[in-house]
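Chain and residue survey
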Amino acid sequence: GRSRLLLEFVLEGKLAGALVLMASASKVRAETHGVADRLIDQLRDLQPDRFDRLSEADQTLFFGWRSSVGPIASGSRTRGGRMTDEDLLRKQALLKGLLLEAAATSGLVIAVDDMEACDVASAALLNAIVDAAPGRRILIGVALRTDAEPIAKDAVSRLRARGRRVPLLPLDEADVEALIR
C-alpha cells in the first residue's frame, strides 16, 4: 500500500518532467547519510556534470567515504573510524546545494520509502530541503509506518508536522487482488 502509492508519486513526477530521486531507508540500515548517499548516487548517474565542478576534497566527501567502509582517500579526517562533525556538516551543506541546484533546472521530486528507518543526517537534510522549498519546484514524498518508532524521531516529526498526510486504510481482499493482477 504505502510503497505502491510512493511509486505512483514517483511516476507522476517523471511524467511531469521533474528530476526524480528515490531511496529506501530500510535498505541502508540507518547508516549515516545512507538515504542521502543513495539520492546523490542517482543524481550523479543522471547529471554527472554537476559533480565535475566539485573540488577534489568535496568529491572525497561524497564518494571517497561510506560510513560502512571508512575513508578511502588519504586526506579524509576521521575520529574513531567516523567522519568528523565538520566533514558531516560540510557534506550536508554540499548535498543541499546540489539538490537545490538540480531543482532549479527541472524541478525535483524526492521519494523515501520506509522513512521510519531513515538515518538522522538524511532526515535532517530532507528538513533543510523543505526549509528551502518555498518558491521552488520541489516535492518530497515519504512512506512511513505509523506503528514503528522512527530512528530520526525529531526530524521525522518535523517533516510530518509540515507535510500533508495521506492515511491509508488496511487493504481488504478485493484491494489485494487488484494489486496482484
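Residues numbered from 1 in each chain as written. Predicted model: local features only at pLDDT ≥ 70, side-chain atom pairs only at ≥ 80, totals over all residues. Heavy atoms only, no water.

**Some remarks on the side chain of Asp-58**
Basically, it comes down to this: The helix and strand labels rest on DSSP assignments: H or I over at least four residues marks a helix, E over at least two residues marks a strand, and numbering proceeds from the N terminus. The buried label applies to any residue whose accessible area, calculated with a 1.4 Å probe on protein chains only, is under 20% of its type's maximum; exposed applies above 50%, and partly exposed to all values in between. What qualifies as a polar contact is a pair of N or O atoms within 3.5 Å, subject to a donor-acceptor requirement within protein and to the restriction that residues adjacent in sequence count only when both atoms come from side chains. Residue contacts are defined here by distance: any two heavy atoms, one from each residue, within 4.5 Å place the two residues in contact.
As for its placement among the helices and strands, Asp-58 is situated in helix α4 (residues 56–63). For Asp-58, a relative accessible area of 10% translates into the label buried. Side chain to side chain, Asp-58 and Arg-90 meet in a polar contact 2.9 Å long. Those residues in contact with Asp-58, other than ones at most four positions away along the chain, are Arg-90 and Leu-94.

**Side note on the packing of helix α5 (residues 85–106) against helix α6 (residues 120–132)**
Just so we agree on the cut-off: Convention adopted: a line fitted to C-alpha atoms gives each axis, helices being fitted over their contacting stretch, and angles between N-to-C directions are expressed from 0 to 180 degrees. Roughly parallel means an angle under 35 degrees; roughly antiparallel, over 145; roughly perpendicular, 65 to 115; everything else is oblique. Note on convention: near helix rotated counterclockwise from far helix by under a right angle means a left-handed crossing. Clockwise means right-handed.
Close contact between α5 and α6 brings their axes to 10 Å; oriented N to C, the two are set at 45 degrees. With respect to α6, the element α5 is oriented oblique. As α5 packs across α6, the resulting crossing turns out to be right-handed. Contacts from Gln-92, Leu-95, Lys-96, Leu-99 and Leu-100 in α5 reach Ala-121, Ala-124, Leu-125, Ala-128, Ile-129 and Ala-132 in α6.

**Some points on the sheet that holds strand β7 (residues 138–142)**
Short version of the rule: Here, strands pair whenever DSSP counts at least two bridges between them.
Strand order in this open sheet of 3 strands is β1-β6-β7, and the pairing throughout is parallel. Each end of this open sheet is capped by a strand with a single partner; those strands are β1 (19–24) and β7. Across the sheet, the axes of successive neighbouring strands diverge by a mean angle of 10 degrees, strand direction being ignored. The pairing of β1 with strand β6 (residues 108–113) spans 6 bridges and is parallel. Its bridge partner being in β6, Met-22 is matched across the sheet by Ala-111. Along the sheet, helix α2 (residues 34–46) makes contact with β1 and β6, crossing β1 at roughly 145 degrees. Contacting β1, β6 and β7, α5 runs over the sheet at an angle of about 125 degrees to β6.

**Looking at the confidence of the model for the protein chain**
The condition is simple: Along the chain, pLDDT gives the predictor's confidence residue by residue, from 0 to 100.
Taken residue by residue, the protein chain gives an average pLDDT of 83. The fraction at 70 or more is 82%. No element of the protein chain has a lower mean pLDDT than strand β3 (residues 70–71), at 38, and none a higher one than β6, at 96. Scored below 50 in pLDDT, residues 66–80 shows 27 contacts in the model against residues more than four places distant or in partner chains.

**Describing the pattern of salt bridges**
Put simply, the rule is: Take a side-chain nitrogen of Lys or Arg and a carboxyl oxygen of Asp or Glu: if they are within 4 Å of each other, that pair is a salt bridge.
For the coordinates displayed, the defined rule picks out 8 salt bridges. The residue Arg-50 makes a salt bridge to Glu-101 at a minimum N-O spacing of 2.6 Å. Of this pair, Arg-50 sits in helix α3 (residues 49–52) while Glu-101 sits in helix α5, placing them 51 residues apart in sequence. Given a relative accessible area of 8%, Arg-50 falls into the buried group. Across the pair Asp-131 and Arg-162 runs a salt bridge whose closest N-O atoms are separated by 2.6 Å. In this pair, Asp-131 is assigned in helix α6 and Arg-162 in helix α7 (residues 153–162), connecting sequence segments 31 residues apart. Taken together, the shared-partner salt bridges connect Arg-50, Arg-53 and Glu-101 into one network.

**Some remarks on the nonpolar core**
Note the cut-off: Among the buried residues, those of types Ala, Val, Leu, Ile, Met, Phe, Trp, Tyr and Cys that are joined through side-chain atoms within 4.5 Å form a nonpolar core.
Counting 40 residues, the largest nonpolar core has Val-35, Leu-43, Phe-62, Leu-99, Leu-108 and Met-115 as its most contacted members. For this core, the secondary structure elements donating two or more residues are β1, α2, α4, α5, β6, α6 and α7. Among the elements that line this core, the one with the most residues is α5, at 7 residues. Every residue in contact with Phe-62, bar those within four places of it in the chain, is listed here: Ile-40, Phe-51, Leu-54, Lys-91, Leu-94, Leu-95 and Leu-98. If you look at the next biggest cluster of nonpolar residues, it comprises 7 residues, including Leu-6, Ala-18, Val-109 and Ala-111.

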